[in-house]
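# Per-entry structural report
So you can see what is in the structure, the chains are spelled out below.
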Protein chains: 2
Amino acid sequence: MAETPDRRTVILDKAAGLFASKGIAATTVREIAEAVGILSGSLYHHFTSKDDMVDAIVRTYLDDLVSVYTEIVAQESDPRKQLTALVHGSLSVIEAHPHATEIYQNSGNYLSSLVGYEHIKINAAKVQKTWLDVIGNGVVTGVFRDDIPPRVLYRLIRDALWLSVRWFKPTHQYSMKKFADDLVSTFLDGIVPR
Amino acid sequence: MAETPDRRTVILDKAAGLFASKGIAATTVREIAEAVGILSGSLYHHFTSKDDMVDAIVRTYLDDLVSVYTEIVAQESDPRKQLTALVHGSLSVIEAHPHATEIYQNSGNYLSSLVGYEHIKINAAKVQKTWLDVIGNGVVTGVFRDDIPPRVLYRLIRDALWLSVRWFKPTHQYSMKKFADDLVSTFLDGIVPR
DNA sequence: TGTTACCGAACAAGCGCTTGCTACATCGAG
DNA sequence: CTCGATGTAGCAAGCGCTTGTTCGGTAACA
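In short, a report on the structure. (Residues numbered from 1 in each chain as written. Chains lettered and ligands numbered in written order. Predicted model: local features only at pLDDT ≥ 70, side-chain atom pairs only at ≥ 80, totals over all residues. Heavy atoms only, no water.)

## Section: the overall build of chain A
- Per the secondary structure count, chain A includes 9 helices and 0 strands.
- Counting from the amino terminus, chain A carries its helices and strands in the arrangement α-α-α-α-α-α-α-α-α.
- With the C-alpha coordinates of chain A rotated into their principal frame, the extents come out at 60 × 40 × 35 Å.
- Looking at chain A alone, contacts between residues at least 24 apart form 68% of all its contacts between residues at least 6 apart.
- When the accessible surface of chain A is split by element, carbon and sulfur atoms take 54% of a total near 9300 Å².
- Where the 21 positive side-chain charges of chain A centre and where its 23 negative ones centre are 4 Å apart. (Helix = DSSP H or I, 4+ residues; strand = E, 2+ residues; numbered from the N terminus. Contact = heavy atoms within 4.5 Å. Areas by Shrake-Rupley, 256 points an atom, 1.4 Å probe, with all protein chains shown as cover. Lys, Arg positive; Asp, Glu negative; His and termini not counted. Charge placed at Lys NZ, Arg CZ, Asp CG, Glu CD.)

## What about the interface of chain A and chain B?
- With 43 residues of chain A in contact, the opposing surface of chain B contributes 43 residues.
- The junction of chain A with chain B conceals about 3800 Å² of combined surface from both sides, 60% of it contributed by carbon and sulfur atoms.
- For the pair chain A and chain B, the interface holds 0 salt bridges.
- Our enumeration of links across chain A and chain B arrives at 14 residue pairs in polar contact (both at pLDDT 80 or more).
- For the side of chain A that touches chain B, the secondary-structure elements that each account for two or more residues are α1 (7–22), α5 (98–106), α8 (150–162) and α9 (176–189) of chain A.
- Broken down by element, the side of chain A that touches chain B gets its largest block of residues, 9 residues, from α9 of chain A. (Buried area = accessible area lost by both parts, 1.4 Å probe. Salt bridge = Lys/Arg side-chain N within 4 Å of Asp/Glu carboxyl O. Polar contact = N/O pair within 3.5 Å; in protein donor to acceptor, adjacent residues only side chain to side chain.)

## Quick word on the nonpolar core
- Counting residues in each nonpolar core, the largest one holds 130 residues, and the members touching the most others are Trp131 and Phe179 of chain A together with Trp131 and Phe179 of chain B.
- If near-sequence neighbours (up to four positions away) are discounted, Trp131 of chain A is found in contact with Tyr69, Leu83, Leu86, Val87, Ser90, Tyr154, Ile157 and Leu161 of chain A. (Core = buried A, V, L, I, M, F, W, Y, C linked by side-chain atoms within 4.5 Å. Buried < 20%, exposed > 50% of the residue type's maximum accessible area, 1.4 Å probe, protein only.)

## Notes on the protein's contact with DNA strand D
- The local shell around DNA strand D holds 16 residues, among which Arg7, Leu39 and His45 of chain A together with Thr28 and Tyr44 of chain B are the closest.
- Close to the protein, within 4 Å, the atoms of DNA strand D are drawn from sugar and phosphate at a rate of 50%.
- At a separation of 3.0 Å, a phosphate oxygen of DNA strand D approaches a polar backbone atom of Val29 of chain B.
- Within the backbone of Lys50 of chain B, a nitrogen or oxygen atom sits 2.8 Å from a phosphate oxygen of DNA strand D. (Near = heavy atom within 4 Å.)

## Let's talk about the pattern of salt bridges
Residues and elements named next belong to chain B.
- Applying the stated criterion to the full structure yields 16 salt bridges over all chains.
- Arg155 is the salt-bridge partner of Asp159, the closest N and O atoms lying 3.7 Å from each other. A residue pair is termed a helical-turn pair when its members lie 3 or 4 positions apart in one helix, as Asp159 and Arg155 do in helix α8 (residues 150–162) at 4 residues.
- Residue Asp159 is classed as buried on the basis of its relative accessible area, which comes to 0%.
- Between Asp159 and Arg158 there is a salt bridge; the shortest N-O distance is 3.1 Å. In this pair, the class of Asp159 matches that of Arg158, namely buried.

## Concerning the environment of Ala20 of chain A
- As for its position among the elements, Ala20 of chain A is in helix α1.
- Its relative accessible area of 6% is what places Ala20 of chain A among the buried residues.
- Sequence-wise, Ala20 of chain A and Lys129 of chain A are 109 residues apart; in three dimensions their C-alpha atoms are separated by 26 Å.
- Excluding anything up to four places from it in sequence, Ala20 of chain A contacts His99, Glu102, Ile103 and Asn106 of chain A together with Asn109 of chain B.

## What about the protein's contact with DNA strand C?
- Taken together, the neighbourhood of DNA strand C is formed by 17 residues, with Tyr44 and Lys50 of chain A together with Arg7, Leu39 and His46 of chain B sitting nearest.
- Contacts to DNA strand C include Thr27 of chain A, whose backbone N or O atom sits 3.4 Å from a phosphate oxygen.
- The contact in question runs from a phosphate oxygen of DNA strand C to an N or O atom on the backbone of Val29 of chain A, over 3.0 Å.
- Taken together, the residues that form the surface near DNA strand C break down as 4 nonpolar, 9 polar and 4 charged. (Nonpolar A, V, L, I, M, F, W, Y, C, P; charged D, E, K, R; others polar.)

## Description of the environment of Tyr61 of chain B
Residue and element names in this part refer to chain B.
- The topology assignment puts Tyr61 in helix α3 (residues 50–75).
- Sequence separation between Tyr61 and His97 is 36 residues, and the spatial gap between their C-alpha atoms is 6.5 Å.
- Ignoring any residue separated from it by four or fewer positions in sequence, one finds Tyr61 in contact with Val93, His97, Ala100, Thr101, Tyr104, Gln105 and Trp162.

As structure tokens, this is what we get:
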């Protein structure tokens, strides 16, 4: 166990918080340094550039997400249960990396200009494929409706799910798990009472 | 009919396109000027600042949105039909102001630092209240389920609806109207066949 | 002759990043 | 145990560049 958390980790934490709340371009390296308690030049002992920090944040986040998704599709085969697990799994990743999630959802156009963008694109494609496979499988087996294109269903769920990081904060009365159940139920059963 | 479209309008159009695709902070006034075919300094004959352009773009957009919503709730009383009309109305506003929509959805943290932010906040509150009233009314009258908080339902629909500006482009086979119907149907009836 | 639209050139501020240097901890050789 | 060598972390200063913005001049037009 590290008694003192790694300096590099602290910097990434502070940077992620700033990137998430102000945007990447609007956050200066001087602000990041001040949040950590050092001067801006000293940041470059730990990272080669500002974009290097961004890359490290997003990379960790996406790797975690992909590994969670991989395990879900390996352990479950029923599309309905898979979809439920994907929602719960995604929200647990949001809880683990709230700042990174927000950065990834908000700053897509900045990320696409990064040097390490290939790695991001590959993982993003994996994530999308997972959802499309699960939904497509559900349509084929008849547990999901077939009159709406799977890619449309995916996008609706995807956006509603991931943008919750912008507004949803769990409370005693309304936990993250309850929210996940409600989200799943809304999409599976609809708003109109059955 | 204006034979030559207003210079100011042309500038706002080009600026909105750049803001939407690259982000506001990442777009320079020199880029905007070059897109119009003038020098950066000449922009300041038409606008007092870069933020002034942003404000004009978002202001027009939100005013249009609020007026569309106002007419909908005035002409329709059934919550289910109101919700359907809100979705269709929103998507027509997206078609009319695609760039402004994207700016508003993506650059919230930049907008919140604007001087004219009060006007934005007021209209944003009006929009939210419209949705919450419609959903809340549906819950009270029993046409919408009551086991999920209305503000959660609102957010799920809102995010799925407005983020479609990022990915949905109507085609011959799949029109905007069809997409609107599918989105309404997904939320009202759910993904599982009834 | 005034007004409108724009040019051309510049300005101050702020940006990411680099550099030369110091203080301190660690550690193997004597 | 001691002591020089080495690596780590940070400071202080500033460089080159880009940014939004300003301003005097000018050409076309009414």
